[in-house]
Amino acid sequence: MFARIVLVILAFAAAASAGAQSCPRHLFVSGYFSNNVAIFDACDGHFLRQLDAAGRIKGAQAVRLNPADDLIYVVSEVNGQVQRYRHDADYSFVDVFAQFMPEIDPTGIAFGADGRVYVASYGTSRVFELDRATGQVVRTVLPGDSGLLGADNGLMMSAAGLLYVPGYSTSSVARVNPATGEVRAAFVPSRAQGLRRTRGIVDEGATILVGGEGSGEVYRFDANTGAFVGKAVTGLGAPTGLALDADGSILVLSGNRVRRFDRNSGADLGTLATVDEGAIEGGTFIALIPAVDSTGLITNGFTGSWVDAGMAGQFGLALEVLRGNLLVVEIYMFAPGGGQAWIGGVGAIEGDHATVVMSTINGPGGRFGANFDPARVQNTPWGTDTLRFADCNRGSLEWTSDVPGYGSGSIRIVRLTLPAGLACP
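Everything quoted here is computed from the prediction, not taken from an experiment.

Definitions and limits used
By convention here, each chain's residues receive numbers from 1 onward along its written sequence. Only residues with pLDDT of at least 70 get local features here, since the model is predicted, and only at 80 or more are side-chain atom pairs given and counted; chain-wide, interface and lining totals rely on the full set of residues. Side-chain numbers come from the whole structure's heavy atoms, not from hydrogens or water. Starting at the N terminus, helices and strands are each numbered in turn, a helix being any DSSP run of H or I of at least four residues and a strand any DSSP run of E of at least two. Exposed residues in this analysis have more than 50% of their type's maximum accessible area, buried residues have under 20%, and partly exposed residues fall in between, with area computed by a 1.4 Å probe over protein chains only. In what follows, a contact means two residues having at least one pair of non-hydrogen atoms within 4.5 Å. In this tally Asp and Glu are treated as negative and Lys and Arg as positive; neither His nor the chain ends contributes. Note that the charge is assigned to NZ on lysines, CZ on arginines, CG on aspartates and CD on glutamates. Note on pairing: two strands pair once DSSP finds at least 2 bridges between them. In this description, a disulfide is simply a cysteine sulfur pair whose atoms lie within 2.5 Å. Whenever a carboxyl oxygen of Asp or Glu lies within 4 Å of a side-chain nitrogen of Lys or Arg, that contact is scored as a salt bridge.

J.: Looking at this model, I keep getting lost on the overall build of the chain. Mind explaining?
T.: A count of helices and strands for the chain gives 1 helix and 32 strands. The principal-axis extents of the C-alpha atoms in the chain amount to approximately 80 × 45 × 35 Å. Residue burial in the chain is summarised as follows: out of 425 residues, 50% are buried. Summarising the internal contacts of the chain: among those between residues at least 6 apart in sequence, 44% fall at separations of at least 24. Across the chain, the centroid of the 31 positively charged side chains sits 3 Å from that of the 40 negatively charged ones.

The following block contains the structure:
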């Protein structure tokens, strides 16, 4: 019995990503051809999870957090959508905020300080403002006949309230003042200083960083005049996504890597993440998004023995939080027909809860000592348990079993023991 559950635990643990979530930021990387957005630890670069495994995202482009509603917006170009996800530990899908006609080809998204939403259209070379509640187009702030072609995913709203629009096909940058309607379509002229295939744009205050996918360089231009200031990074292979990290370094998505560069000298500071680990193909965009504080969520401090809170000792639980955001659950109880029952399993932690597929781990066939043969142990599926926690001392257990006599139900559970060296968060 012990050998079987240990093997199950080891198998799940080996498949999990090493390391607990502790970095205050997550790195989001969009994959156009892989139709996904992968999430990495922004401190050590290890792959955490996919944003959405349901196949909703088609041709992933810009990803940004909207401070006005604290939701994450994802531009899905191929199906013409802007999708929204919760900014929480689960990153759960919320809705399709906007649906466009096929000719629009949405790529970039940006937000004003007042919560206004702007979307770049590659197909029509326009930038639209969307209604904050309905996602419908309310006006065009960059017209399609401005001279800029191929409005791309680096669309950026500066702290000064100005929109900067990359023109991929014209290798240029437009600047728009949404408050006044002023448009400078050739704010950075076509192919200025060798700029080709404009993609990412980052606000530095007095200057902007502009990535040239075709020229393999990151340029610095004056944010007020558009004048060339200098080259921040050179010698890149088709750079697409750009971001500024908390330490001031420049992050660049180039090929299958997110690389870090010194902001002043342009020196290569190494690779932060290898995006192949997140199954990214055709990387287009990167974003740094604050990780939700895990205080009160399931951490290693939940490990220990737990009991039911009002059933006079009918249930006993052993919980163990593993690296890789996994929860081991073993439950000791009584069988419907009498006698003892022991079930267990391992499941993924999702914020304040975990759903675990359980099996019997005291099935027939086991023998003590020299007569033990693991191949003869007959563990059988039991059902699912969902554990939810108010804090690290109180929670609930909901179960649904396929085994006759157990049915479904729920109980309150409380902590019995806390292992030495651990503490409640």
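J.: In this structure, what is going on with the pairing of strand β20 (residues 239–244)? I would like to understand it.
T.: One face of the sheet, then the other: side chains in a regular strand alternate in exactly this way. Burial runs high along β20: 5 of the 6 residues are buried. Taking the residues between adjacent antiparallel strands as the criterion, β20 and strand β21 (residues 250–254) are bridged by 5 residues, where G248 takes a positive phi near 90°.

J.: Help me understand the state of the cysteines in this model?
T.: Think of a disulfide as a covalent bridge from one cysteine sulfur atom to another cysteine sulfur atom. Considering all chains together, one arrives at 1 disulfide under this definition. Each sulfur in the disulfide pair C23 and C43 lies 2.0 Å from the other. On the sign convention where negative is left-handed, the bridge of C23 and C43, at about 75° about the S-S bond, is right-handed. With C23 in the loop between α1 (2–15) and β1 (25–31) and C43 in the loop between β2 (36–41) and β3 (47–50), this residue pair connects regions lying 20 residues apart in the sequence. Residue class for C23 comes out buried when judged on its relative accessible area of 5%.

J.: Could you clarify how one ought to interpret the environment of H46 in this entry?
T.: Here H46 shows up in the loop between β2 and β3. For the pair H46 and L272, spaced 226 residues apart in the sequence, the C-alpha separation amounts to 8.6 Å.

J.: What should I look at first to understand the pattern of salt bridges in this one?
T.: Side chains bearing opposite charge may pair, as long as their charged atoms lie close to each other. Tallying each qualifying case throughout the model produces 16 salt bridges. A salt bridge links D52 to R56; the shortest N-O distance between them is 2.7 Å. Overall, the relative accessible area of 11% leaves D52 in the buried class. For R56, a relative accessible area of 32% gives the class partly exposed. Among the salt bridges present, the one from E129 reaches R116, with a minimum N-O distance of 2.8 Å. Of the two residues, E129 sits in strand β10 (residues 126–130) while R116 sits in the loop between β8 (106–111) and β9 (117–121), which places them 13 residues apart along the sequence.

J.: Would you explain the pairing of strand β15 (residues 182–188) in this entry?
T.: For strand β14 (residues 172–177) and β15, the ladder comprises 4 bridges, and the chain directions are antiparallel. Considered in β15, the bridge of V173 is made with V188. Hairpin connection, β14 to β15: the antiparallel pair is bridged by 4 residues, and G181 has positive phi, about 85°.

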